[in-house]
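Chain by chain, the residues:
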Amino acid sequence: SGDPVPTAPTVSKSSGVPTAQLLATLQGAQGSTIGPGGALFVTEPKGGRIVRIDPETGAATTFASGLPYGDEAIVGLGSGAVDVVFIGGTAYVLVTGVDPEVGGNAVNGIYRIDSPTSFTVIADIGAWSKANPPTTPWDALSGFQYALETFRGGFLVTDGHHNRVLSVSRDGEITQLIQFTDIVPTGSGIVCSRRSPPRDRFPARRKYRSEPVVSSTHISIGILGPPRRSSDGCDMAGSLHQGPDFP
C-alpha cells in the first residue's frame with residue numbers, strides 16, 4: 001500500500017484558539033505513542049507496520065515493516081500490530097489476531113523491534129492464554145489483545161476477548177493481573193502517584209491487588225507493584241466495549 005501520504009499542516013496565526021490540523025493520512029491506524037524525538041508512532045495492523053510522524057512537518061515515514069497481520073475475513077479489522085510503546089529507545093509492539101487458531105501463522109504477543117525490517121517475539125501471549133484459560137466464555141483460546149502500556153519496566157496488556165489484564169515482563173514472563181466478568185476491557189492508561197496507598201487497601205503480603213471500579217464507559221483499577229524505593233499507588237484506566245456484563 002506504500003508509505004502514508006504526508007499532508008503539510010496549515011497554521012492560522014490570526015486566532016489564539018487552537019485548531020485541529022491534518023498532518024498525515026494513514027492506512028487503518030490503531031495504536032499510537034510518543035517516541036524518541038517527540039515523534040508520533042502509529043500502528044497500521046493491515047499493513048503490518050509502524051509509521052513515524054514528525055509533529056512539526058507532518059512527514060510520515062515507515063519506522064518498521066513486515067509485522068504479521070491477520071485475515072480480516074476471519075477476525076475482522078484490527079488484527080496485526082495493534083499498539084506500540086517505547087522503553088528507552090526500543091519499540092515494543094502488541095500483535096494479535098494472527099495465531100493459527102484464527103487462520104494465521106504467527107504469534108499473538110509482544111514483539112521487540114530490532115531494526116526497520118526485523119523483530120523478536122519476547123512474549124507469546126497466545127500460548128500462555130491457551131495454557132491459562134479465562135473464567136469467562138471465549139471463542140478463541142489464544143485471546144484477542146487490544147492495548148499495551150509500559151509499567152515498572154515491563155508491560156500491561158488488555159485482552160478484551162478474555163476479559164482480563166495481563167502483566168508481562170521483558171523476559172517474557174506472563175501473569176494475570178485481574179480477571180473481569182464479561183465487560184470487554186480494551187484501551188488502557190496508567191497514572192501513578194508517589195504517595196503510598198493505605199495499608200488496609202494494599203496488604204504488604206500481596207504482590208498485586210486490584211480493585212476495579214466500573215462505569216458505563218471506563219474502568220479504574222488500583223494497582224500496587226512489588227516494593228521498590230517507594231511504594232507507588234497506581235491507577236489503570238481502561239475503556240470498555242459492551243459485553244453481557246456491561247453496567
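For the structure, check the block above.
The following paragraphs examine the structure supplied in this document. Keep in mind that what you see is a predicted model, and the values were worked out from it rather than measured. (Residues numbered from 1 in each chain as written. Predicted model: local features only at pLDDT ≥ 70, side-chain atom pairs only at ≥ 80, totals over all residues. Heavy atoms only, no water.)

### Brief notes about the pattern of salt bridges
By the definition in use, this model includes 3 salt bridges. Where Arg49 meets Glu44, a salt bridge forms, and the shortest distance between an N and an O atom there is 2.6 Å. Given the relative accessible area of 6%, Arg49 is considered buried. Note that Asp99 and Lys130 form a salt bridge whose closest N and O atoms lie 3.1 Å from each other. Linking Asp99 in the loop between strand S8 (90-96) and strand S9 (109-115) with Lys130 in helix H2 (residues 125-131), this pair joins segments that are 31 residues apart in sequence. The exposure class of Asp99 is buried, given its relative accessible area of 6%. In this structure Lys130 comes out as partly exposed when scored by relative accessible area, which is 36%. (Salt bridge = Lys/Arg side-chain N within 4 Å of Asp/Glu carboxyl O. Buried < 20%, exposed > 50% of the residue type's maximum accessible area, 1.4 Å probe, protein only. Helix = DSSP H or I, 4+ residues; strand = E, 2+ residues; numbered from the N terminus.)

### A short note on the sheet that holds strand S5 (residues 49-53)
Spatial ordering of the open sheet is given by S3-S4-S5-S6, a layout of 4 strands whose pairing is antiparallel. Of all the strands in the sheet, just strand S3 (32-34) and strand S6 (60-64) have a single pairing partner and so form its edges. Each strand axis lies, on average, 30 degrees off the axis of its neighbour in the sheet, ignoring direction. One ladder, built from 3 bridges, connects S3 with strand S4 (residues 40-44); its direction is antiparallel. Note that in S4 the partner of Ile34 across the bridge is Leu40. (Pairing = 2+ DSSP bridges. Axes fitted to C-alpha atoms, helices over the stretch in contact; angles between N-to-C directions.)

### Structural notes on the sheet that holds strand S10 (residues 118-124)
Reading across the sheet, the 4 strands line up as S7-S8-S9-S10 and stay open at both edges, with antiparallel pairing between neighbours. Of all the strands in the sheet, the pair left with one neighbour each is strand S7 (80-87) and S10. Between one strand axis and the next, the sheet turns through 30 degrees on average, direction left out of account. Pairing of S9 with S10, which is carried by 6 bridges, proceeds in the antiparallel orientation. Each bridged residue has a counterpart across the sheet, and for Arg112 the counterpart in S10 is Thr120.

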